[in-house]
Structure formats: structure tokens, C-alpha cells
Amino acid sequence: MGARVVRMFRNFNLENRVFREISKEKPRAAPRHAVSDPPSAAGSEAETAVDPVNRRNDPLLTLLKSVYVESKDPAAAAEASKEVTGAKEAERRPLRFSLPGDPYGLVELTDVPKGKLTIAEALKALSSHQRQPGAWTPEKIAQEYSLDLKDTKALVEFFIPFQVQIIPPKTDSTKQIKAS
């Protein structure tokens, strides 16, 4: 309700107020600040103003000569890194263990780069270490799968394969799903 009242007062006699404002004389512009003309013999002063810019500064020139910049082509550096990775990829090893069939709809691998494991190999190595830690030490796993010893120790320490445990019910009256 308040907005209607405000709008009513705002729009009251709008045309007359507009015409009154338009018919007023325009205000005059403020007078400009008086500027003295530059002297006609400005040639000598202009030379002194430009002189520090164009003058040779010997101390700065010697500092500039001591700077050495060496630039390298980024494309050449990328090619060099590709050659290094290409040499590493050339070192491949055959698979030690793979799942039967076509897992996850992926193409079956025949070999992997050295220092890498497939999921099936990692699970096999971890489960064999968990079952027989004396026989499957991190050193032996690293040697078998061509891995770095530090990475293998971290793998054995921090990753544990899943274990499925079936816990029987406490009472016989609890319903169980029977295998068919």
C-alpha cells in the first residue's frame, strides 16, 4: 500500500515539472583556469628535458652487459622428455598373473612396463604376502614384479586386500539365506 502512495506523489504533476525544468536557462560553464603561454625560446629547455632520457648511462650499461640470458626451445625439451619416456616404456615385462576371461570388457594385456602392476597382479602379490609374509617379503615381491623396493614396502604396509568373513549368527532361530 505504501508503494502506491509513494508512486502517486512521485508521478504527481510530472509533465509540468518536466517542462519547467526544460524551460530554465542552462547554467553557464565554469570559467577555465588561465594558462600562461610557454615561452617562445623553449628550445633550450626542451633539450634539457629530453637529455636525461637520451643520455647514455654507463653504470647501467655495464650492469646490463653482465646479465646473461639463455633461452631454450620448449619443443626441443618436450621431444627430449618423450625420448626418455620412450626408453622407459621400451622396458616391459610379461604378465605374471591375470584374471581369466575378459575382465571389465577391456582388452587383455600381455605385458606391462617395468615398475608397474596390473590390479590382478597387485591383489595376488598382496594376498600372497598376507598369507605367507616370510616367503613373500617386500624384497621378493619387488624382484618378481620388477618394482622399486621403497614403493613395494609402502604397498605392503599401507594396502591390504579385502577379506570376506562370514560371521555365523549367535542363535539358531535367526533366519539365514540358504545356498541353492
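The structure we're discussing is the one just above.
Residues numbered from 1 in each chain as written. Predicted model: local features only at pLDDT ≥ 70, side-chain atom pairs only at ≥ 80, totals over all residues. Heavy atoms only, no water.

A few points about the nonpolar core
For soluble globular proteins, nonpolar side chains are generally found buried alongside one another.
Okay, step 1: Counting residues in each nonpolar core, the largest one holds seven residues, listed as Ala125, Trp136, Ile141, Ala142, Tyr145, Leu147 and Val156.
Okay, step 2: Ranked by the residues each element gives to this core, the list is headed by helix 7 (residues 138-145), at three residues.
Okay, step 3: What Ala142 contacts, discounting residues up to four positions off in sequence, is Leu147, Asp148, Leu149 and Thr152. (Core = buried A, V, L, I, M, F, W, Y, C linked by side-chain atoms within 4.5 Å. Buried < 20%, exposed > 50% of the residue type's maximum accessible area, 1.4 Å probe, protein only. Helix = DSSP H or I, 4+ residues; strand = E, 2+ residues; numbered from the N terminus. Contact = heavy atoms within 4.5 Å.)

A word on unusual backbone geometry
Only a minority of non-glycine residues have a phi that is not negative, and only a minority of peptide bonds are not trans.
Okay, step 1: Even without glycine at this site, Asn13 takes up a positive phi of about 55 degrees.
Okay, step 2: With respect to the element layout, Asn13 can be found in the loop between helix 1 (2-11) and helix 2 (14-23).
Okay, step 3: Of note in this structure, Ser146 is not a glycine but carries a positive phi near 55 degrees.
Okay, step 4: Here Ser146 is to be found in the loop between helix 7 and helix 8 (149-158).
Okay, step 5: You can call Ser146 partly exposed: its relative accessible area is 28%.

Details of helix 6 (residues 119-131)
Okay, step 1: The first and last C-alpha atoms of helix 6 sit 18 Å apart over 13 residues, in line with the 18 Å expected at 1.5 Å per residue.
Okay, step 2: Residues of helix 6 that are buried include every one of Ala120, Glu121, Ala122, Ala125, Leu126, Ser127, Ser128 and His129, and no others.
Okay, step 3: Looking at the packing, one finds that the buried side of helix 6 touches strand 1 (92-94), strand 2 (111-113), helix 7 and helix 8. (Expected span 1.5 Å × (residues − 1).)

Description of a nonpolar patch on the surface
Okay, step 1: A contiguous nonpolar patch, built from Leu14, Val18, Phe19 and Ile22 and spanning about 400 Å² of accessible area, is present on the exposed surface.
Okay, step 2: Inspection of the secondary structure assignment puts Ile22 in helix 2.
Okay, step 3: Residue Ile22 is classed as exposed on the basis of its relative accessible area, which comes to 54%. (Patch = residues over 30% accessible without salt bridge, like charges linked within 9 Å, V, L, I, M, F, W, Y side chains within 5 Å. Areas by Shrake-Rupley, 256 points an atom, 1.4 Å probe, with all protein chains shown as cover. Salt bridge = Lys/Arg side-chain N within 4 Å of Asp/Glu carboxyl O.)

Comments concerning the packing of helix 7 against helix 8
Okay, step 1: Where helix 7 contacts helix 8, the axes come no closer than 9 Å and their chain directions differ by 120 degrees. Classed by the angle they form, the pair helix 7 and helix 8 counts as oblique. When you trace helix 7 past helix 8, the crossing you get is right-handed. Where helix 7 approaches helix 8, its residues Pro138, Glu139, Ile141 and Ala142 are matched on the opposing element by Leu149, Thr152, Lys153 and Val156.
Okay, step 2: Taken together, the residues that form the contact of helix 7 with helix 8 break down as five nonpolar, one polar and two charged. (Axes fitted to C-alpha atoms, helices over the stretch in contact; angles between N-to-C directions. Parallel < 35°, antiparallel > 145°, perpendicular 65-115°, else oblique. Left-handed = near helix turned anticlockwise from the far one by under 90°. Nonpolar A, V, L, I, M, F, W, Y, C, P; charged D, E, K, R; others polar.)

A look at helix 7
Okay, step 1: Restricting attention to buried positions, one finds in helix 7 the residues Pro138, Ile141, Ala142 and Tyr145. Projection of helix 7 onto a plane perpendicular to its axis shows the buried side chains occupying an angular sector of 100 degrees, all on one side.
Okay, step 2: Along its buried surface, helix 7 packs onto strand 1, helix 6 and helix 8.
Okay, step 3: Where helix 7 ends, the next residue or the one after it, Ser146, has phi of about 55 degrees, a positive value. (Arc of directions from axis to C-beta.)

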